[in-house]
Structures are given as C-alpha cells and as structure tokens.
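# Residue-level structural notes
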Amino acid sequence: MSNIKHVLFDLDGTLTDPFEGITNCLRYALEKLGRPCPTSSELSIYIGPPLRQNFAALLGSDDKSMVEHAVALYRERFSSLGLYENVVYPGVPSMLDELRSDSYNLYVATSKMRLFAEKILEHFRLSSYFAGIFGAEADGRFDNKADLLRDLLQTRSLQATETLMVGDRLHDVAAAKRNGVRAVGVSYGYGSAEELRAAGADVVCESPAAVVRAVRDFSVNVRVERWTNGSNETSGR
C-alpha cells in the first residue's frame, strides 16, 4: 500500500453546506418552467449529483432541450445569488490548514461547474489551500465524476495509489473506486454513513477533524479506523 500524497475534496456537502443556494435555484428553475416543486427538505437529496441528472429526475423527462433549459434557468440565478448562499462547515479551514501543513497536495473535485467552484472557494478564502480546482464544464463535460477524477489524475500526473478522495455522497465513493483511488466518506454532509459504506468507502468520518486523522492513518499505513467524535471504532478492513 502506497503512502498518501494527494487528497481530493468534493465541494458541496464536504467543504461547504450549499443547502440554501441549491434548493433556491432548483425551485427558481422549476417555477420558471411552470412545474411543481418539492419542498426544500425533499430537494436536499439533489445536493451532490450532477445538475443535468437532477433535472431529468425532477422533470421526469430525459428530453435534452427541456433539461438544458432547466439548467440554464438554474444557472441564471445561481451565478448572481445562489453562488454565495452557502456556508463553510465548522472545522473545514482547520482541516485544510493541518493537511497542507503536513505537505499533502490538496485538490477540489466537484460536479459543480468549475467556474462556480472557483468563485465560491475564492469568496470563502479557501482557494489558496488547493493546488488545483477541477469541476464540470458548461457543456456537460465531466458531469460524470469518474471522468472528472480520471482527468484530474492524468492532468496532474497523480498516482491513484497515492491519492484519497473525500466526499459526502455515494457518487464520490463510486468515482474514486472506478479510478483505483481510496475513499473517505464524510457523514456530516448529505449522505448517510450507511450510504457511504454501501458504496464502498474505506472509512467514514463524522467531522473534519476526523478526516485529518483518517488521512494521517492512511499515510503511515497503520490500521484504518472509523472515527466518531473523538472515539474510534475499527472498520471492516
């Protein structure tokens, strides 16, 4: 097992809580289209997956023109308002500071449009922690997170065995596994510990501080454990 040198972070549900911005923009698009809209709590399941996939589900249609229209309406509001309707999770700046101080190379890998991700990270003064920010493109390239991770690994010449993916949804874990990357799930975001373990997460963490401990454990090749608010429980490794 190789030591970990690179850590990839999801954005929504891992570094920031985007609930208000995403749900408001989903609602805005659906209302503009004259379609019924679920409640805010019901919309929370759409935080994490690619936007086009979400609208296909919400509209009950795979009609490309309709989905693209919905995406355009979403981005109309998101680009000016929704972009900043989120908050940084407590403990995230300290987590990033500790990992960078330990000389890990940090990257963002998000299904959100790369341009929006860059603006959000700059707004919250987090961008300086990262060696690169990777996200989806406006035309739909890299909507699939496995493709995004593959591009990141190739572009930056990262070895999969030296890389960890940290994310809160099954899509993050699945993308990591498809690229031979180990996965750390975070249960403080929008995916449950059960969802993350079922997807194959190597370890599940309940706080940013626990992520730091898990990354360090991987790096020294010691037993990986599931940390829970200061206590720990051996995982099924």
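Residues numbered from 1 in each chain as written. Predicted model: local features only at pLDDT ≥ 70, side-chain atom pairs only at ≥ 80, totals over all residues. Heavy atoms only, no water.

Helix H4 (residues 64-78) packs onto helix H1 (residues 19-32) with a crossing angle of 130° between their chain directions and a minimal axis gap of 8 Å. In this view, H1 runs oblique relative to H4, as classed from their interaxial angle. Relative to H4, H1 is oriented so that their crossing is right-handed. Of the residues in H4, those touching H1 at Gly-21, Ile-22, Asn-24, Cys-25, Leu-26, Tyr-28, Ala-29 and Lys-32 are Ala-70, Leu-73, Tyr-74, Glu-76, Arg-77 and Phe-78. (Axes fitted to C-alpha atoms, helices over the stretch in contact; angles between N-to-C directions. Helix = DSSP H or I, 4+ residues; strand = E, 2+ residues; numbered from the N terminus. Parallel < 35°, antiparallel > 145°, perpendicular 65-115°, else oblique. Left-handed = near helix turned anticlockwise from the far one by under 90°. Contact = heavy atoms within 4.5 Å.)

Here we take up H1. The terminal C-alpha atoms of H1, which comprises 14 residues, lie 20 Å apart, in line with the 20 Å expected from a rise of 1.5 Å per residue. When H1 is considered as a whole, its buried residues turn out to be Gly-21, Ile-22, Thr-23, Cys-25, Leu-26, Arg-27, Ala-29 and Leu-30. Turning to H1, the residues buried within the fold contact helix H2 (40-43), helix H3 (51-59), H4 and strand S4 (105-113). Just downstream of H1 lies Gly-34, where phi reads positive at about 70°. (Expected span 1.5 Å × (residues − 1). Buried < 20%, exposed > 50% of the residue type's maximum accessible area, 1.4 Å probe, protein only.)

A separate point is the sheet that holds strand S8 (residues 203-205). Reading across the sheet, the six strands line up as S5-S4-S1-S6-S7-S8 and stay open at both edges, with parallel pairing between neighbours. The sheet is open, and its two borders are formed by strand S5 (132-136) and S8, each paired with just one other strand. Taking the axes of each pair of neighbouring strands and ignoring which way they run, one obtains an average angle of 25° across the sheet. Direction of pairing for S4 relative to S5: parallel, over a ladder of five bridges. The partner of Ala-109 across the bridge, within S5, is Phe-134. Its contacts with the sheet put helix H10 (residues 208-219) on strand S1 (6-9), strand S6 (163-167), strand S7 (182-186) and S8, and the angle it makes with S8 is roughly 155°. (Pairing = 2+ DSSP bridges.)

The next point concerns the packing of helix H7 (residues 145-155) against helix H8 (residues 170-178). Between H7 and H8, the least distance of the axes is 8 Å, while the angle of their chain directions is 50°. Put simply, H7 runs oblique to H8. Considering how the two elements wind past one another, H7 and H8 form a crossing that is right-handed. Counted together, Lys-145, Ala-146, Leu-149 and Arg-150 of H7 and His-171, Asp-172, Ala-175, Ala-176 and Arg-178 of H8 form the full contact between these two elements. Looking at side-chain class alone, the contact of H7 with H8 contains four nonpolar, one polar and four charged residues. (Nonpolar A, V, L, I, M, F, W, Y, C, P; charged D, E, K, R; others polar.)

Let us look at the confidence of the model for the protein. Of the residues in the protein, 92% have a pLDDT of 70 or more, and the chain-wide mean is 90. Counted against residues more than four places away or in other chains, residues 222-237, with its pLDDT under 50, gives 37 contacts. (pLDDT = per-residue confidence, 0-100.)

Position of Asn-86 among the secondary structure elements: in the loop between H4 and strand S3 (87-88). The contact partners of Asn-86, leaving out residues within four places of it in the chain, are Thr-16, Asp-17, Pro-18, Ile-120 and Phe-124.

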